[in-house]
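These are the residues of each chain, in order.
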Amino acid sequence: MLEIRDLQVRYGAVTAVQAVSLEVTAEDVVGLIGPNGAGKSSTALAVAGLIRTSSGSVTFDGRSLGSLSAAGRVQAGLVLVPQGRQLFPSLSVADNLRAGAWRLHQRFDRSDVGELLRDFPALHDRLEQPAGTLSGGEQQMLALARALASHPRFMILDEPSMGLSPIMVDRVADVIGRLASERGMTMLVIDQGIGLVRRVASRVLVMAQGRIVGEQTARELADQSAVEAMYFR
Amino acid sequence: MLLLQDVVSALGAGAVYALVALALVIVFRATGVVNFAAGEIATFTTFVAWELLADVGLGFWLTLVIVVGFSALVGVVIYLFIMHPALKKPEFVIVMLTFGLFELFNGLSNTFWDPSPRSFPAPVEGPPIVIGSIFITQESIVDGAIAILIMLLLMAIFRYTKLGLGFRATTDNRFAAEVVGIRPWQMYAAGWAMATAMGGVGGMMLANMLGLSASMMGNVLVFALVAVIIGGLESPLGAVVGGLLIAVVAAVFSSLSFIGTDLATPLMLVIVIIVLLVRPSGLFGQRKAGLL
Amino acid sequence: MSAANLESKSRVPAARRTAAHLRSVARRTWIPATVSVVLTLATMATTANAGFALIAGVVAAFLTSRVLGTGPQSALVGIALAGAVDAPFAYSAFNLTQILVLAIGAWGLVILGGQTGQISVAQGPFVGVGAYTTAVLSARFGVPLLATIPAAVVIGAIAGLLIGIPSSRLRGIYQVITTLAVAVSFPTLLLAIGDPVGGSTGIAMPEPFQAAQVGSVSLDPTQVMYFFALACALVVWVALSRIIKSRHGTAMRAVRQNEVVAAVNGISVSHYRITSFVLSAACAGLAGSISAMSVGAVSPDSFGMLYSIQFLVAVAVGGADSLMGGLLGAIAVFWLTTSFSGIPIGGVQVSNEVAYGLVIILALVVLEGGLWGAVSGVVESRWPKRAT
């Protein structure tokens, strides 16, 4: 469904993403891990259309995205759950969800909310609460739910485990797993460490210094040392 | 009773302050910018209205509709060509841009039209309504009604419509707005269009009250600013309440002989300072944390 | 010509030491400046030709800075001073004095805005306070004009303190609105006070200076006034530069960058914010005093919001980060607000306010760091580089 070829992202003189190529087939979950500064977030932002690429191509559903805007990509079914959640802090939970559904042409009302929050029971009771007052875990759930509101076919998750306690990471991993298994969502899950990614992804790419330096299948992930070797190459 | 009459008469002026204040609130809530040129742009569009009324001979309400549309267009053009390129600049620069717009529009008004005041028709003709010993002019009622209607319209837009959600989201977290597929420039342009349109209506009201001249918005701007300070930069309701309150307070001060009209403005300033020191976000604004 | 010429093979050790010493001494910007001023005046005195004098000064500035290696900025300062000293012989000294008034007021905003990051629309009133102090003291109490200057500065500073204490507690747009309200209220306040300050007609003052003869050059009163103002401006420049370069300047800029971080590092945010208001108002007071003396009259309407905007435009267009920017901005503002009586475009006499507004907008949208930012950037990149 998503194909990235030789993606390059530069911030002035600094090349954050060198020549990244990867593929995600429909209904698959692919992980992307790597240390700080590896260029994972830049890749995510570039694919989502939020920053410009200097070269390379991104193809979604066989169609080249070219310079399609972020708004256009959301419309096409490609949405980002950004690093650090990036919620609308003074807007209520409900309004955050409504904002997520911005690009939908049909009205977004109560029943849609119910359907949306099927996997997010904790948010049901907090619909009118300002998003900025939620706990870290609840915020991550809301960020996921907000992305779902646009009825995407492909979701990029950038560091969903950031700043969360191990219990919350488990819960988030559960939700992501359910999205994949029950809704058939295709995803690219980016994270710093292997913990969450290993539980949801069928294969994991390792990125360092702007390049993909290795790949592991789910089974191979069981062998920690191989991954570590790749990490610290 | 003289005092009460002053208060009632002042409500007409209050409606104008409220409209300009509303224009300020809209631009602020949609774009995060306070448009100090709001008054001058409104004066300019009111001159255009005068041309339509006097030279082309159109009726009042038709002119109003056309001017609202024209003002909205002016607002969009200002946004696209001036504010949008300067989006990422520091706050000081943005403030100065609106001062530049102030001079530009004041200059335009002075270029194309004679500076001496000219009369401007009212939305309705007819004798004042008398309640007891109080006279209320019909214009004041219409002006007040228009101001309140616009205020309600704005509140509804912000709270219930998709556009309003877009405004609120974009000013809350612009990056997140882009993430969900909102195009911030569209929100900003729409905000400017709405604000300038509102200013256009206020300008037509004021021209009727004071006579149309290039300097008619002189004091109004400050009163409108004070109104939004008191009411909070974020609140349409606060803007209207603030506008009416300011008008009434100014009228009361002016009628008290030991103060007189002269000192009304400086006294207003003192009030503003006190309000700001006690409640930095205004009476209706939301509390924001900050160093003092 | 380069310093290397000083090092000839037969006298290497002594020459090298002298050159090094000269270079370290010349690191101060003022040497090229002084040389250029002296040369300009000397040429003017001998040739009575303003053009030659200017050329002499510019060349002197350029050469001295190259020889001593003090860098492009020092040359520009030297050239600016040569121009400043030469100008009253080619242009109206009265206008030039007004430019200096604008500049000194703008420098106050450089401190307030460029250093501590605050915005004040009240600079007009502060200048007015200084102007009225001079006017009232001299016309009502017979104080000699020049003696009113310290009073104007002090009273300006006090006004700055009174307004600064509440204003510095406000941030961003609220500070703008409040200071704007001060600007709008000031003329009204003056009118309300009425007779003691001359009411709506204002106050008139006598000429502060008489014509003078310096060598073979005769100066008319406006030129003497100008040189006096120039001297005041230089004093202000040096004082403010010192402050900006001192640790107080660093503290102020820290406050501008991030108040929380500054506070955590032991910098008293409110102290610096208030002090910069006081300092800025003191500059304004001086500017006002000079303005009053040179114009010869004060009236309430001159010192309101539109006047305040002139100072803001000066730093916005010229660059708030440096004193030079403030000067350039002052020149720009003066030129924009006085030179046209209207520009004929297609049969319509377009008011110069339109040009003023357009220039403000264009300069802000297009330029980064104001005029001075753009100019010094270009000069830095084109300056002939020495191998170091």
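Residues numbered from 1 in each chain as written. Chains lettered and ligands numbered in written order. Predicted model: local features only at pLDDT ≥ 70, side-chain atom pairs only at ≥ 80, totals over all residues.

*Asks:* Explanation requested: the overall build of chain C in the structure shown.
*Replies:* A tally of helices and strands in chain C yields 16 helices and 6 strands. Going through the 388 residues of chain C one by one, you find that 51% of them count as buried. Considering only residue pairs separated by 6 or more positions, chain C has 73% of its internal contacts joining residues 24 or more positions apart. (Helix = DSSP H or I, 4+ residues; strand = E, 2+ residues; numbered from the N terminus. Buried ≥ 20, exposed ≤ 12 C-beta atoms within 10 Å, placed from the backbone. Contact = placed C-beta atoms within 7 Å.)

*Asks:* Help me out: how do you make sense of the overall build of chain A in this one?
*Replies:* Scanning chain A from N- to C-terminus turns up 10 helices and 10 strands. The C-alpha atoms of chain A give a radius of gyration of 17 Å, which matches the 17 Å a tight globule of 233 residues would have. In chain A, 68% of the contacts between residues at least 6 apart in sequence involve partners at least 24 apart. (Rg over C-alpha atoms; globule rule 2.2 N^0.38 Å.)

*Asks:* Would you mind showing me how to read the interface of chain B and chain C here?
*Replies:* Reports often express the size of an interface as the amount of accessible area lost when the parts come together. Listed as interface residues are 38 residues of chain B and, on the opposing side, 42 residues of chain C. Among the elements of the structure, helix 4 (91–112), helix 9 (218–231) and helix 11 (260–278) of chain B are those that each provide at least two residues to the side of chain B that touches chain C. Take the side of chain B that touches chain C: its biggest share by element is 17 residues, from helix 4 of chain B. Partitioned by chemical class, the residues of the side of chain B that touches chain C number 28 nonpolar, 7 polar and 3 charged. (Nonpolar A, V, L, I, M, F, W, Y, C, P; charged D, E, K, R; others polar.)

*Asks:* Where do I start with the nonpolar core in this structure?
*Replies:* Nonpolar side chains in soluble globular proteins generally cluster together in the buried interior. With 276 residues, the main nonpolar core has B:Tyr17, B:Leu19, B:Val20 and B:Leu22 as its most contacted residues. Looking at this core, the element that brings in the most residues is helix 1 (residues 2–31) of chain B, giving 18 residues. In this structure, B:Leu19 is in contact with B:Ala147, B:Ile150, B:Met198, B:Val201, B:Gly202 and B:Met205, ignoring residues within four places of it in sequence. Grouped together as the second largest cluster of nonpolar side chains are 19 residues, C:Val37, C:Ala61, C:Leu76 and C:Val77 included. (Core = buried A, V, L, I, M, F, W, Y, C linked by C-beta atoms within 7 Å.)

*Asks:* Please explain the sheet that holds strand 1 (residues 2–11) of chain A as it appears in this structure.
*Replies:* The strands that make up a sheet are held in pairs by hydrogen bonds between backbone atoms, and each pair lies either parallel or antiparallel. Residue and element names in this part refer to chain A. Spatially, 2-1-4-5 is the arrangement adopted by the 4 strands of the open sheet, whose pairing is antiparallel. The sheet is open, and its two borders are formed by strand 2 (14–24) and strand 5 (63–64), each paired with just one other strand. Here strand 1 pairs with strand 4 (residues 55–60) via 5 bridges, running antiparallel. If you follow Ile4 over to strand 4, its bridge partner there is Val58. (Pairing = 2+ DSSP bridges.)

*Asks:* Is there a simple way to explain helix 4 of chain B in this structure?
*Replies:* Over its 22 residues, helix 4 of chain B extends 32 Å from the first C-alpha to the last, a length consistent with the 32 Å expected when each residue adds 1.5 Å. Across the 22 residues that make up helix 4 of chain B, a large majority, 18, are buried. (Expected span 1.5 Å × (residues − 1).)

*Asks:* Can you help me understand the pairing of strand 7 (residues 154–158) of chain A in this one?
*Replies:* Regular strands place their side chains on alternate faces of the sheet. Residue and element names in this part refer to chain A. The buried count for strand 7 comes to 5 of 5 residues, which makes it a mostly enclosed element. Burial of strand 7 is two-sided: the residues Phe154, Ile156 and Asp158 facing one way and the residues Met155 and Leu157 facing the other way are all buried. Sheet topology note: the strand 6 (residues 78–81)/strand 7 ladder contains 4 bridges and is parallel. Each bridged residue has a counterpart across the sheet, and for Val79 the counterpart in strand 7 is Met155. In this structure, strand 7 lies alongside strand 8 (residues 186–191), joined through 5 bridges in parallel fashion. From the neighbouring strand, Leu157 faces strand 8, where its bridge partner is Val189. After leaving strand 7, the chain enters helix 7 (residues 166–183) and then returns to the sheet as strand 8, a path that is right-handed. (Right-handed = clockwise from strand over helix to strand, strands pointing away.)

*Asks:* Would you mind going over the interface of chain B and chain A with me for this structure?
*Replies:* With 14 residues of chain B at the interface, the matching set in chain A holds 21 residues. Residue assignment for the side of chain B that touches chain A shows that the elements contributing at least two residues are helix 6 (162–172) and helix 7 (174–179) of chain B. For the side of chain B that touches chain A, the leading source of residues is helix 6 of chain B, giving 5 residues. Of the residues belonging to the side of chain B that touches chain A, the class tally is 7 nonpolar, 3 polar and 4 charged.

*Asks:* Can you walk me through the domain arrangement of chain C in this structure?
*Replies:* For chain C, the assigned domains are domain 1 (1–90) and domain 2 (94–305). Each partner contributes residues to the interface: domain 1 of chain C has 5 residues there, and domain 2 of chain C has 7 residues. (Domains from an automatic or database assignment.)

*Asks:* It is not clear to me how the packing of helix 2 (residues 30–47) of chain C against helix 4 (residues 72–86) of chain C should be interpreted in this structure. Could you clarify?
*Replies:* Angle between the axes and distance between the axes: these two values describe a pair of packed helices. All names here are of chain C. Two numbers describe how helix 2 lies on helix 4: the axes approach to 8 Å, and their chain directions differ by 30°. One element, helix 2, and the other, helix 4, form an angle in the roughly parallel class. As for how helix 2 packs across helix 4, the hand of that crossing is right-handed. Contacts from Pro32, Ala33, Ser36, Val37, Thr40, Leu41 and Met44 of helix 2 reach helix 4 at Ser74, Ala75, Val77, Gly78, Ile79, Leu81, Ala82, Val85 and Asp86. For the contact of helix 2 with helix 4, the residue count by class is 11 nonpolar, 4 polar and 1 charged. (Axes fitted to C-alpha atoms, helices over the stretch in contact; angles between N-to-C directions. Parallel < 35°, antiparallel > 145°, perpendicular 65-115°, else oblique. Left-handed = near helix turned anticlockwise from the far one by under 90°.)

*Asks:* Looking at this structure, I do not really get the sheet that holds strand 6 of chain A. What am I missing?
*Replies:* All names here are of chain A. Pairing in this open sheet of 6 strands is mixed, and the strands run 6-7-8-3-9-10 from one edge to the other. Unpaired on one side and paired on the other, strand 6 and strand 10 (211–217) mark the two borders of the sheet. Adjacent strand axes in the sheet meet at a mean angle of 20°, parallel and antiparallel pairs treated alike. Two strands pair when backbone bridges link them, and strand 3 (residues 29–33) and strand 9 (residues 203–208) are joined in this way by 4 bridges, in the parallel orientation.

*Asks:* What exactly am I supposed to notice about the pairing of strand 8 of chain A here?
*Replies:* All names here are of chain A. Counting buried residues along strand 8, 6 of its 6 residues qualify, which places the element largely inside the surrounding structure. Burial along strand 8 is two-sided: Thr186, Leu188 and Ile190 facing one way and Met187, Val189 and Asp191 facing the other are all buried. Where strand 3 meets strand 8, 5 bridges bridge the pair, whose relative direction is parallel. From the neighbouring strand, Val30 faces strand 8, where its bridge partner is Leu188.

*Asks:* I tried to follow the environment of C:Arg171 on my own but got confused; where do I start?
*Replies:* Mapped onto the secondary structure, C:Arg171 falls in the loop between helix 7 (148–167) and helix 8 (172–193). Measuring from C-alpha to C-alpha, the distance between C:Arg171 and C:Cys232 comes to 32 Å, with 61 residues separating the pair along the chain.

*Asks:* Mind showing me how you'd approach unusual backbone geometry here?
*Replies:* All names here are of chain A. Phi is positive for Asp6, close to 50°, though the residue is something other than glycine. Within the secondary structure, Asp6 sits in strand 1. Residue classification places Asp6 among the partly exposed positions, given that 13 C-beta atoms sit within 10 Å. The backbone of Gln209 sits at a positive phi, close to 50°, despite the residue not being glycine. In this fold, Gln209 is placed in the loop between strand 9 and strand 10. For Gln209, a count of 15 C-beta atoms within 10 Å corresponds to the partly exposed category.

*Asks:* What exactly am I supposed to notice about helix 6 (residues 123–141) of chain C here?
*Replies:* Residues and elements named next belong to chain C. For helix 6, which comprises 19 residues, the first-to-last C-alpha distance of 26 Å matches the rise-based estimate of 27 Å (1.5 Å per residue) to within 8%. Within helix 6, 16 of the 19 residues are buried, which leaves it mostly tucked inside the rest of the structure. Looking one or two places after helix 6, you find Gly142, whose phi comes out positive at around 70°.

*Asks:* I tried to follow the packing of helix 2 (residues 38–56) of chain B against helix 3 (residues 60–83) of chain B on my own but got confused; where do I start?
*Replies:* Residue and element names in this part refer to chain B. Across the interface, helix 2 lies against helix 3 with an axial gap of 10 Å and an inter-helix angle of 140°. Judged on the interaxial angle alone, helix 3 and helix 2 are oblique. Helix-helix and strand crossings are classified by hand; for helix 2 and helix 3 the assignment is right-handed. Residues Ile41, Thr45, Val48, Ala49, Leu52 and Leu53 of helix 2 touch helix 3, and the partners they reach there are Thr63, Ile66, Val67, Phe70, Ser71 and Val74.

*Asks:* Just checking my understanding: could you explain the confidence of the model for chain C for this structure?
*Replies:* For any part of a model where pLDDT is low, the fine detail of the predicted coordinates should not be relied upon. For chain C, the average pLDDT comes to 83, and 85% of its residues sit at 70 or higher. The ipTM value of the predicted complex is 0.89, and its pTM value is 0.82. (pLDDT = per-residue confidence, 0-100.)

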